[in-house]
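# Observations on the model geometry
Here is how the chains run, residue by residue.
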Amino acid sequence: MIRVQQEDFDPGEELDRLRDEAGGQAGAVVSFIGLVRDFNDGERIEEMSLEHYPGMTEKALAAIETQARERWKLNGVIIIHRIGPLRPNDHIVLVAVASSHRRAAFQACEFLIDTLKTGAPFWKKEITAAGTRWVDTNNP
Amino acid sequence: MIRLRYFASLRERLGVADEWIPLPETVSDVAGLKHWLQGRTGPWSEALSDQRLQVAVNQELVKADTPVRDGDEVAWFPPVTGG
């Protein structure tokens, strides 16, 4: 399931739904939540704004999910990415997978977030006391 | 006609988000289109010379030798920073 949205999400609710939709077959759920940090490159972050490429974003995320499902046997996949204005500590992204066993779940979750970070068209802009700046590169 | 789109810092630098232009006769691929756009006056030549820029044709990431045809949507943007 892929969603690109401005609204916040409730991680507990999403993970429970992932479990329920796996219909009892999942032995493991692994998730990653990305958050807005309060400091980056020595500057206090007051606000962040996330831009994306509507249409391509959804296609890129769907392609990433398909790749993960080809590599691992998964009972469910969630990718939720927020856009628009965000504040420190806000959720940015939730990636979660359900699988029969934990190893596949850990590996698939890591693959999904790593691939999203290099292949999905999102851009972060930070608003600090010194002004606004586009984030130049992603940290590992 | 082709649709050109620009995102994030590149969009701000160029002052354009979205435009439609007739496919120039001399352009057959992404590299050719970039060269053509760099012929514009203003920030175009320098802004598009950033080697890290990415290009998508019809919403898929592509390389410089990918063909560009009438009706295509070509998007230019800096490295992505989501997640």
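What counts as what
- Residues numbered from 1 in each chain as written.
- Chains lettered and ligands numbered in written order.
- Predicted model: local features only at pLDDT ≥ 70, side-chain atom pairs only at ≥ 80, totals over all residues.
- Pairing = 2+ DSSP bridges.
- Helix = DSSP H or I, 4+ residues; strand = E, 2+ residues; numbered from the N terminus.
- Axes fitted to C-alpha atoms, helices over the stretch in contact; angles between N-to-C directions.
- Buried ≥ 20, exposed ≤ 12 C-beta atoms within 10 Å, placed from the backbone.
- Contact = placed C-beta atoms within 7 Å.
- Nonpolar A, V, L, I, M, F, W, Y, C, P; charged D, E, K, R; others polar.

This part takes up the sheet that holds strand 1 (residues 2–6) of chain B. Note: strands within a sheet are paired through backbone hydrogen bonds, in either parallel or antiparallel orientation. Residue and element names in this part refer to chain B. Reading across from one edge, 2-1-5-3-4 is the order of the 5 strands in this open sheet, with mixed pairing throughout. Because the sheet does not close on itself, it has two edges, and the strands there are strand 2 (18–21) and strand 4 (60–62). On average, adjacent strands in this sheet sit at an angle of 30 degrees to one another, irrespective of strand direction. Judged from the 4 bridges that link them, strand 3 (residues 54–57) and strand 5 (residues 73–77) form a sheet pairing that is antiparallel. Pairing of Val55 across the sheet is with Trp76, part of strand 5.

Before going further, it helps to spend a moment on unusual backbone geometry. The phi dihedral of Asn89(A) is positive, around 80 degrees, even though this residue is not glycine. According to the C-beta neighbour criterion, Asn89(A) is exposed, with 9 such atoms within 10 Å. One non-glycine residue, Ala8(B), lies in the positive phi region at around 55 degrees. Along the chain, the position of Ala8(B) falls in helix 1 (residues 8–14).

Listed by partner, the interface residues are 21 residues for chain A and 13 residues for chain B. Elements with a minimum of two residues in the side of chain A that touches chain B: helix 2 (56–71), helix 3 (102–119) and strand 8 (122–128) of chain A. Residue composition of the side of chain A that touches chain B, grouped by class: 11 nonpolar, 6 polar and 4 charged.

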